[in-house]
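A structural walkthrough
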Amino acid sequence: MSNKVLISNQQKAVKVPSGMRILIRRACNAVLKYEGFEGNAEVSVTFVDNARIAELNNEYRNKPMPTDVLSFPLGQDGVYDIDPETGCKMLGDVVISMERAVEQAELYGHPLQREVAFLTVHSMLHLLGYDHEQGGLEAVRMREKEEAVLIQLGLPRTVSYTVDEI
């Protein structure tokens, strides 16, 4: 038995590159391993466009604007419901705006893959109970964990990406 990462694409604004689903599964598994998560977990990751994430952001956070990623944790204080069919602990949902991910990848000058992996890792930490809204030490710790996991995935922040001219 292993972790279940359910991925769905509910947008047409951005073509999801091949390999993206594998990368997301690897990112989710890497966070669970890094955090020493006990048992098996189930997570859902959904790709949406800016319009849809703005609706969700408004509905759940009273912020009527697009954002890059939203996390909907199902557990509390490390206690999770169990999916009776799989025996997995249900961590919650990750919703990623692919439009925003493309914009941010261009802005930061790195591949879309790294941006989506970062957003996935960031959201997974939220599902496990981490929070950066207050800033301070918790935010710093979260950033350190994100970088450590991304390095394990072979996507460190310091790499400068060059495109070979054809």
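These lines cover the structure that appears in this document, whether it is placed above or below. Remember, it's a predicted structure, so these values are computed and weren't measured experimentally. (Residues numbered from 1 in each chain as written. Predicted model: local features only at pLDDT ≥ 70, side-chain atom pairs only at ≥ 80, totals over all residues. Heavy atoms only, no water.)

Section: the sheet that holds strand β2 (residues 41-48)
Taken in spatial order, the four strands line up as β1-β2-β4-β3 in an open sheet, and their pairing is mixed. Two strands lie at the open edges of the sheet, namely β1 (4-9) and β3 (69-73), each paired on one side alone. On average, adjacent strands in this sheet sit at an angle of 15 degrees to one another, irrespective of strand direction. Bridge count for β1 against β2 is six bridges, and the pairing is parallel. Directly across from Ser8, in β2, lies its bridge partner Thr46. Its contacts with the sheet place helix α1 (residues 20-34) against β1, β2 and β4 (89-97), and it is angled at close to 145 degrees to β1. Most of the contacts of helix α4 (residues 112-127) go to β3, to which it runs at about 25 degrees, and overall it touches β2, β3 and β4. (Pairing = 2+ DSSP bridges. Helix = DSSP H or I, 4+ residues; strand = E, 2+ residues; numbered from the N terminus. Axes fitted to C-alpha atoms, helices over the stretch in contact; angles between N-to-C directions. Contact = heavy atoms within 4.5 Å.)

Comments concerning the environment of Leu155
For Leu155, the position within the fold is in the segment after α5 (136-152). For Leu155, a relative accessible area of 13% puts it in the buried group. On a C-alpha basis, the gap between Leu155 and Pro111 in space is 9.7 Å, while along the polypeptide they are 44 residues apart. (Buried < 20%, exposed > 50% of the residue type's maximum accessible area, 1.4 Å probe, protein only.)

Some remarks on the state of the cysteines
Tallying each qualifying case throughout the model produces zero disulfides. Unpaired in this structure, Cys88 has its nearest cysteine sulfur neighbour in Cys28, at a distance of 12 Å. (Disulfide = S-S within 2.5 Å.)

What about the pattern of salt bridges?
One pass over the full model with this rule turns up five salt bridges. When the shortest N-O distance is used, the salt bridge between Arg52 and Glu55 registers 2.7 Å. Taken together, the residues Arg52 and Glu55, both in helix α2 (residues 50-61) and three residues apart, mark about one turn of the helix. Of the charged contacts, one joins Glu103 and Arg100 as a salt bridge, the two residues approaching to 4.0 Å between their closest N and O atoms. Of this pair, Glu103 and Arg100 are both found in helix α3 (residues 98-108), three residues apart, which corresponds to roughly one turn of the helix. Note on Glu103: relative accessible area 41%, which makes it partly exposed. For Arg100, a relative accessible area of 25% corresponds to the partly exposed category. (Salt bridge = Lys/Arg side-chain N within 4 Å of Asp/Glu carboxyl O.)

Description of the environment of Glu99
In this structure, Glu99 sits in helix α3. Since its relative accessible area comes to 26%, Glu99 is described here as partly exposed. Taking C-alpha positions, Glu99 is 8.3 Å from Asp68, a pair spaced 31 residues apart along the chain. In contact with Glu99, other than residues within four places in its own chain, are Ala13, Val14, Val48, Asp49, Asn50 and Ala51.

Here we look at the nonpolar core
In terms of nonpolar packing, the biggest core is built from 40 residues, with Met20, Ile24, Val45, Phe47, Leu91, Ile96 and Met98 touching the most fellow members. Of all the elements in the fold, those that place two or more residues in this core are β1, α1, β2, β4, α3, α4 and α5. In terms of residue count, the dominant contributor to this core is α4 (nine residues). Those residues in contact with Phe47 that sit more than four places away from it in its chain are Ile7, Ser8, Asn9, Gln10, Gln11, Val16, Met20, Ile24, Ile96 and Met98. Ile53, Leu56, Phe72 and Val95 belong to the second-largest nonpolar core, a separate cluster that totals six residues. (Core = buried A, V, L, I, M, F, W, Y, C linked by side-chain atoms within 4.5 Å.)

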